[in-house]
Amino acid sequence: MRAVLTWRDKVEQCIYDLAFKPDGTQLIVAAGNRLLVYETSDGTLIQPLKGHKDTVYCVAYAKDGKRFASGSADKSVIIWTSKLEGILKYSHNDSIQCVSYNPITHQLASCSSSDFGLWSPEQKSVNKHKASSKVTCCSWTNDGQYLAVGMMNGVISIHNKNGEEKVKIERPGGSLSPIWSICWNPSREEHNDILAVADWGQKLSFYQLSGKQVGKDRLLNFDPCCISYFSKGEYILLGGSDRQVSLFTKDGVRLGTIGEQNSWVWTCREKPDSNYVVTGCQDGTIAFYHLIFSTVHGLYKDRYAYRDSMTDVIVQHLITEQKVRIKCKELVKKIAIYKNRLAIQLPEKILIYELYSDDLSDMRYRLKEKILKKFECNLLVVCTNHIVLCQEKRLQCLSFSGGKEREWQMESLIRYIKVIGGPPGREGLLVGLKNGQILKIFVDSLFAIVLLKQATAVRCLDISAYRNKLAVVDENDTCLVYDIHTKELLFQEPNANSVAWNTQCEDMLCFSGGGYLNIKASNFPVHQRKLQGFVVGYNGSKIFCLHAFAMSAVEVPQSAPMYQYLDRKMFREAHQIACLGVTEADWRELAMEALEGLEFETAKKAFARVQDLRYLELISSIEERKKRGETNSDLFLADVFSYQGKFHEAAKLYKRCGREDLALAMYTDLRMFEYAKDFLGSGDPKETKMLITKQADWARNINEPKAAVEMYLSAGEHIKAVEISGDLGWVDMLIDIARKLDKAEREPLLLCARYFKELDSPGYAAETYLKLGDLKALVQLHVETQRWDEAFALGEKHPEFKDDIYVPYAQWLAENDRFEEAQKAFHKAGRQGEAVQVLEQLTHNAVVENRFSDAAYYYWMLSMQCLEIAQDPTQKDAMLDKFHHFQHLAELYHGYHAIHRFTEEPFSSHLPETLFNISRFLLNSLTKDTPPGISKVNTLYTLAKQSKALGAYKLAWYAYDKLQGLRIPAKFQKSIELGSLTIRSKPFHDSEELVPLCYRCSTNNPLLNSLGNVCVNCRQPFIFSASSYEVLHLVEFQLEEGISDEEAVALIDLEAPRHQREDRWQEVASGDSQTLRLDETMNPSGDDPFTAKLSFEQGGSEFVPVVVGRAVLRSMSRRDVLVKRWPPPLRWQYFRSLLPDAAITMCPSCFQMFHSEDYELLVLQHSCCPYCRRRIDDRARDRADSDPTASWRLPGASNEGCPGVACAPAPDCHNNDK
């Protein structure tokens, strides 16, 4: 650090204080009873200000630059504007010792010998506060919240903005160490406010805002009169009785002296935000200095060490930008760095540091050695085991312990020294002298080696990577390059102030000067670019430049020197330069140039750098061909030209080499067909076809499909032509192609058909399949397009495709929710499993959705399906079990449909007797498990309601009682509770009219039968009407062994003559009266053999069926007999009506029995059987229909000609109740 005097002035009075205007343009000086205003740039006195009557002790400028204040021994404070006009004056009781402006609020603190006051422009009066001792100094914190006041008794009092004391600091010396000057650190980067205190105990101390001391007191050895910080808080100025201004770090480390004076220094200040310092002295001297902080640094390759804040050393990695700070707490005088060593010279010692590890990226240093000696030197160099000190003409080599090992005395002043490497302990030094001599010295040798001697003084020098060349910058700013071995001057360049060889390339150096950076390769011309500063290192593509106080790494592409080598076809040298750092475009240019020059090794490296696999494959193939013995360079170059796009040049070379085929292939691949025709042979058809095909490919790729199709057709590539036409939807073109193709061309024809289907032209697809004779594909086409009529017609002609038609048809019906038709189609296709599965799903859905009429219908269909499957002997038993089970479920759901409607709907079309009979039928049938969907609560509720209405009070009582044990829905709860109460008021018996009668044994049966729907006496099953559910007057009988169904029907049809029934009642007339008498001697059953079969007492627990023989059959009338003609393997069932005058109708499809009147009414309502939904107009059609596979068209009992009997088939109608 050096202090250069800028200007000086001297007045007659003592200078007690001074202050800078915040912008630094003016200086206000307190001199005697005047204020002097100076121009800071040249020290011109602008104007003296008179306002005080006695000596001015203090002056301060506001932070905003609008006003400043002065305090005097006349006890007054004057406020001045920046235009040097006095605007306000106020006074204290004693002389004013110091004034200070708040940096934030611009509140003025003025301190006298006995008190201090606070004034701001907003208030009219001054708030004054008493002081415990004479006030000597004051200072505001940089946030303006607190004011520190220093006093003669050694006390520092810290007040808030209102003047209230918050902290009191008592110095150990008390009144013997009066506080003479204090100042808060203005830096905003500090975490805590730090107060610097100078007292006349000759000590410098630091305190926090809390009053806690920071560090120890520092002894000054003089009485301090003033202390102030630099604007950013990094340095402290201190002046006093030692007649000089000293520069300290913010931590109190003394750095040096700024101008020695002839008398005490009473005040010193730094010009805001600059390196200028002004001092005011006892003898009236005003001195203005410029501080020059010299750069202390060291560089080794990419590690740069430099001084920071005068006491710290920062080591920076110029590549990774990592930094590490080493705090020395003393003035750093010299720095040297080499490999893993770092040497720092302090005023009284030298510290040697080393890296923790050998890792190139490691930035952690640790102290290795201390040399506790004071050295005077101009230059410092560190090696692995030594340090070298340079003092004018002398070099000294010291060990790390401080011992001197060698010394060299030079002929002239040493101007430059640099470590150029070597083994540990044997490093070499490059030394340049003022007399132009350049030496090489090894630290382990006493003898210096003279490399060369020139006429001019050495300013800077460097040696090349391989130690073959030496670059020197002399005092004339000329860069001279020598051959070390021959001492020959290779070249010289002007305007150089520093030079550096590239550490990775022998022939490259750079030098700076005149604001330019110059890069020179070999003997080529210099390449320039603008750059401020000094070049200090050159590593690869990075140039290390020192500008002002900052070191930077500049990335410099090495493009220019690389192209210089390329111009001379020096490919290997150009590659070396490129490796230092060039752009990707430069690498590609190098690769191309080397490839054209057939320098394949260099080209391969360059293409690998840019990751161009295409050219790497080319080079690899050329190298393989060379290994196989090919030596024709023109052929290799032709391949290179073709890869580079120089097709005509490549074609000429191919032709010169006699390889026209390669030229033809190249132009063909490039779709340059006009040029390719020039290289066709003698009309070879194969080559011509190949060319046309490739031309068509090209037309296809450039989106000219029509031309491509025509060319493909002319070349015989029918499939490609079809593909293009189909992809573009050209139906007309496809029709034309398909009709022109021979039927032997199966693949393109099939492709045409596929496109016809995709383009919604099934007619043309069918035409194509017919041309091919592919009937299976035609069937599949009809199925896919859902043209079922055509499919069925084709199936009639070719029965082998029946499954291929009906199975998809059934699936399509099922997908479109036409499940019943789907079931029939599955059945027709012979897919019994799918047919049953569809029906089961339909049944399940109907039950879940409470469509119990549909559920009954589907269960009946399931049963008939199982009956048909039962014709297979292997499945007979299982299917018959299912048949009976499904028949039972169909009957239950058919009856429950009325119960559900009664309980869920507000109105019912059924008579109370019908609902009464249905509920009894269900309860008698549900002796075991209850099928899903059927509610016992609904059934009992219906039975209770209808029983009560019909007079079956006992049964109603029973039903209500049963309901109490079940979980009743809320909607029935109130009605059931009321019914349970009201039924108790009725007589406990049932109406005899409601009691069912067994027509076989004439036994009255209970209304609810635990045995089920059979007679409690003879166990004969009751036959119910499928509409009113009344017990029909039918008795089932069986045939004796040996009588077949056909014989039995024939015997019944004989219609044997009946005897006239004798009347057992005889009329007797006597006088005026007539009497009827029953003749009991006559046999009532003698004329009816069947009735005779019924007249016996059953009494047992086993059911004994009625068995009839031929005589009985012969005696029966066919109008009294109903026959259920079940298909095999079931036997027919025979029923005899015991009341022939009451007509009964049996549906010929489902074999359900009805009262004829009920049946006729239901058929009129629904046009079908209410049970199996067989339409009435289907019967005539079925008689002509001989299809044995239609299980839903089973024949029933034929009752034609029987009076009172009606037969009405109905298969598919849907109940209106849905």
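Residues numbered from 1 in each chain as written. Predicted model: local features only at pLDDT ≥ 70, side-chain atom pairs only at ≥ 80, totals over all residues. Heavy atoms only, no water.

In the annotation of an unreviewed UniProt entry, the entry for the protein reads Intraflagellar transport protein 122 homolog, and the organism field reads Cavia porcellus. Its UniProt record, at the heading Subcellular location (unreviewed entry), says of the protein: "Cytoplasm, Cytoskeleton, Cilium basal body". (UniProt positions renumbered as here; feature names shortened; annotations may be inferred.)

## Structural notes on the confidence of the model for the protein
For the protein, per-residue confidence averages 82 on the pLDDT scale, and 83% of positions sit at 70 or higher. Mean pLDDT values for the elements of the protein range from 44 in helix α31 (residues 1178-1184) up to 96 in strand β6 (residues 56-61). Low pLDDT, under 50, characterises residues 1080-1086; the predicted model gives this stretch six contacts beyond four residues in sequence or across chains. Predicted confidence is poor over residues 1179-1218, with pLDDT under 50, and the contacts of this stretch with residues over four places away or in other chains come to 109 contacts. (pLDDT = per-residue confidence, 0-100. Helix = DSSP H or I, 4+ residues; strand = E, 2+ residues; numbered from the N terminus. Contact = heavy atoms within 4.5 Å.)

## Quick look at helix α5 (residues 613-627)
With 15 residues, α5 extends 21 Å from end C-alpha to end C-alpha; this agrees with the ideal 21 Å at 1.5 Å per step. Along α5, the residues classified as buried are Tyr615, Leu618, Ile619, Ile622 and Arg625. Seen end-on, α5 carries its buried residues on one side only, within an arc spanning 125 degrees. In α5, the exposed positions that point more than 90 degrees away from the buried face belong to Leu613, Glu617 and Lys627. Each element contacted by the buried residues of α5 is listed here: α3 (584-596), α4 (600-609) and α6 (633-644). For α5, the capping residue at the N-terminal end is Asp612, with a side-chain oxygen 3.3 Å from the backbone nitrogen of Arg614. Trailing α5 by a residue or two, Gly629 shows a phi angle of about 110 degrees, which is positive. (Expected span 1.5 Å × (residues − 1). Buried < 20%, exposed > 50% of the residue type's maximum accessible area, 1.4 Å probe, protein only. Arc of directions from axis to C-beta. Polar contact = N/O pair within 3.5 Å; in protein donor to acceptor, adjacent residues only side chain to side chain.)

## Topic: the packing of aromatic side chains
By convention here, two paired aromatic rings are described through the distance between centres and the angle between planes. The full count for this structure, using the stated rule, is 33 aromatic pairs. For the ring pair Phe607 and Tyr615, a centre distance of 4.6 Å and an interplane angle of 5 degrees mean the geometry is stacked. On the accessibility criterion, Phe607 (0% relative accessible area) is buried. Classification of Tyr615 by relative accessible area gives buried; the value is 2%. By the ring-pair criterion, three or more aromatic residues cluster together here, those being Tyr16, Tyr57, Trp180, Trp200, Trp264 and Trp266. The ring centre of Tyr356 lies 5.0 Å from the NZ or CZ of Arg364, which sits over that ring. Here Lys520 stacks its cationic end above the ring of Phe491, 4.4 Å away from the centre of that ring. (Phe/Tyr/Trp six-rings, centres within 6.5 Å; stacked < 30°, edge-to-face > 60°. Lys NZ or Arg CZ within 6 Å of the ring centre and 35° of its normal.)

## Topic: the packing of α4 against α5
Closest axis-to-axis distance for the α4/α5 pair is 9 Å, and the angle between their directions is 155 degrees. As summarised for this structure, α4 and α5 are arranged roughly antiparallel, according to the angle between their axes. Seen from above, α4 lies across α5 with left-handed handedness. Facing α4, whose interface residues are Phe600, Ala603, Lys604, Phe607 and Ala608, α5 presents Tyr615, Leu616, Ile619, Ile622, Glu623 and Lys626. Split by residue class, the contact of α4 with α5 holds eight nonpolar, no polar and three charged. (Axes fitted to C-alpha atoms, helices over the stretch in contact; angles between N-to-C directions. Parallel < 35°, antiparallel > 145°, perpendicular 65-115°, else oblique. Left-handed = near helix turned anticlockwise from the far one by under 90°. Nonpolar A, V, L, I, M, F, W, Y, C, P; charged D, E, K, R; others polar.)

## Comments concerning the sheet that holds strand β21 (residues 218-219)
The strands making up a sheet associate through hydrogen bonds between their backbones, and the pairing can be parallel or antiparallel. With antiparallel pairing, four strands are arranged side by side in an open sheet as β18-β19-β20-β21. Among the strands making up the open sheet, the edge pair consists of β18 (179-184) and β21. Across six bridges, strand β19 (residues 194-199) lies against strand β20 (residues 203-208) in antiparallel orientation. Bridged to Val197 within β20 is Ser205. (Pairing = 2+ DSSP bridges.)

## Some thoughts on the pattern of salt bridges
Overall, the coordinates contain 35 salt bridges when judged by the stated rule. Ionic pairing is found between Glu623 and Lys604, a salt bridge with its closest N-O pair at 3.1 Å. Note that Glu623 is positioned in helix α5 and Lys604 in helix α4, a separation of 19 residues in sequence. When its relative accessible area of 21% is taken as the criterion, Glu623 is described as partly exposed. A relative accessible area of 28% places Lys604 in the partly exposed class. Each of the salt bridges in this network shares a partner with another, and the network as a whole consists of Arg341, Glu354, Arg366 and Lys368. (Salt bridge = Lys/Arg side-chain N within 4 Å of Asp/Glu carboxyl O.)

## Regarding the pairing of strand β47 (residues 479-483)
Burial analysis of β47 places five of its five residues in the buried class, which makes it a mostly covered element. Going residue by residue along β47, you find Cys479, Val481 and Asp483 tucked away on one face and Leu480 and Tyr482 tucked away on the opposite face as well. Sheet topology note: the strand β46 (residues 469-474)/β47 ladder contains five bridges and is antiparallel. Bridged to Val473 within β47 is Cys479. The antiparallel hairpin formed by β46 and β47 contains four residues in its connecting segment, where Asp477 sits at a positive phi of about 60 degrees. The pairing of β47 with strand β48 (residues 489-493) spans four bridges and is antiparallel.

## Side note on the environment of Arg67
Relative to the helices and strands, Arg67 is located in strand β7 (residues 67-72). Looking at Arg67, the relative accessible area reads 18%, which means it is buried. Along the chain, Arg67 and Ile87 lie 20 residues apart, while their C-alpha atoms are 9.4 Å from each other. Residues within four places of Arg67 in sequence aside, it is in contact with Tyr61, Ala62, Ile79, Trp80, Thr81, Ser82, Tyr101 and Pro121.

## Some details on helix α23 (residues 912-925)
Its 14 residues give α23 an end-to-end C-alpha distance of 20 Å, which sits within 8% of 20 Å, the value for a rise of 1.5 Å per residue. Within α23, 12 of the 14 residues are buried, leaving the element largely enclosed by the surrounding structure. Turning to α23, its buried residues number three or more, namely Thr914, Leu915, Phe916, Asn917, Ile918, Ser919, Arg920, Phe921, Leu922, Leu923, Asn924 and Ser925. Where α23 is buried, its residues contact α22 (876-904), α24 (936-950) and α25 (953-963).

## Details of the UniProt feature "repeat: WD" (unreviewed entry) in the protein
Cross-referencing UniProt, the feature "repeat: WD" (unreviewed entry) maps to residues 49-80 in the present numbering. The distance separating the terminal C-alpha atoms of residues 49-80 is 10 Å; by composition the span is 0% helix and 59% strand.

## Quick word on the sheet that holds strand β42 (residues 428-433)
Judged by pairing direction, the sheet is antiparallel, and its four strands sit side by side in the order β41-β42-β43-β44 without closing on themselves. Strands at the two margins of the open sheet, each flanked by one partner only, are β41 (414-419) and β44 (448-453). Sheet twist, expressed as the average angle between the axes of neighbouring strands with direction ignored, equals 20 degrees. Pairing analysis gives five bridges linking β42 to strand β43 (residues 437-442), with the strands arranged antiparallel. Directly across from Gly428, in β43, lies its bridge partner Phe442.

## Considering the side chain of Ser464
Along the chain, Ser464 falls in the loop between β45 (458-463) and β46. For Ser464, the contacting residues outside a window of four places in its chain are Lys469, Trp501 and Glu506.

## Regarding the pairing of strand β28 (residues 285-292)
The element β28 is extensively covered by neighbouring structure, given that six of its eight residues are classed as buried. Of the pairings in the sheet, the one linking strand β27 (residues 276-281) to β28 comprises five bridges and is antiparallel in character. Its bridge partner being in β28, Val277 is matched across the sheet by Tyr289. Linking two consecutive strands that pair antiparallel, namely β27 and β28, is a turn of three residues; a positive phi of about 90 degrees is found at Gly284 within it.

## Considerations on the nonpolar core
One recurring pattern in soluble globular proteins is that nonpolar side chains are buried together. In terms of nonpolar packing, the biggest core is built from 82 residues, with Trp860, Tyr893, Leu963, Leu1034, Met1153 and Cys1169 touching the most fellow members. A per-element tally of this core places helix α21 (residues 852-869) first, with 13 residues. Counting contributing residues per domain, this core is built from domain 5 (874-1004) and domain 6 (1012-1055 + 1101-1178), each supplying no fewer than three. Once you skip the residues sitting within four places of it in the chain, Met1153 turns out to touch Ile1023, Phe1024, Ser1025, Ala1026, Leu1032, Leu1034, Leu1122, Lys1124, Phe1135, Ile1144, Thr1145 and Met1146. (Core = buried A, V, L, I, M, F, W, Y, C linked by side-chain atoms within 4.5 Å. Domains from an automatic or database assignment.)

## Notes on the side chain of Gln261
Its place among the elements puts Gln261 in the loop between β25 (254-260) and β26 (265-270). Only 3.5 Å separates the side chain of Gln261 from the backbone oxygen of Gly259, close enough to count as a polar contact. Beyond its immediate chain neighbours, meaning those up to four positions away, Gln261 contacts Arg8, Arg243, Thr279, Cys281, Thr285, Ala287 and Tyr289.

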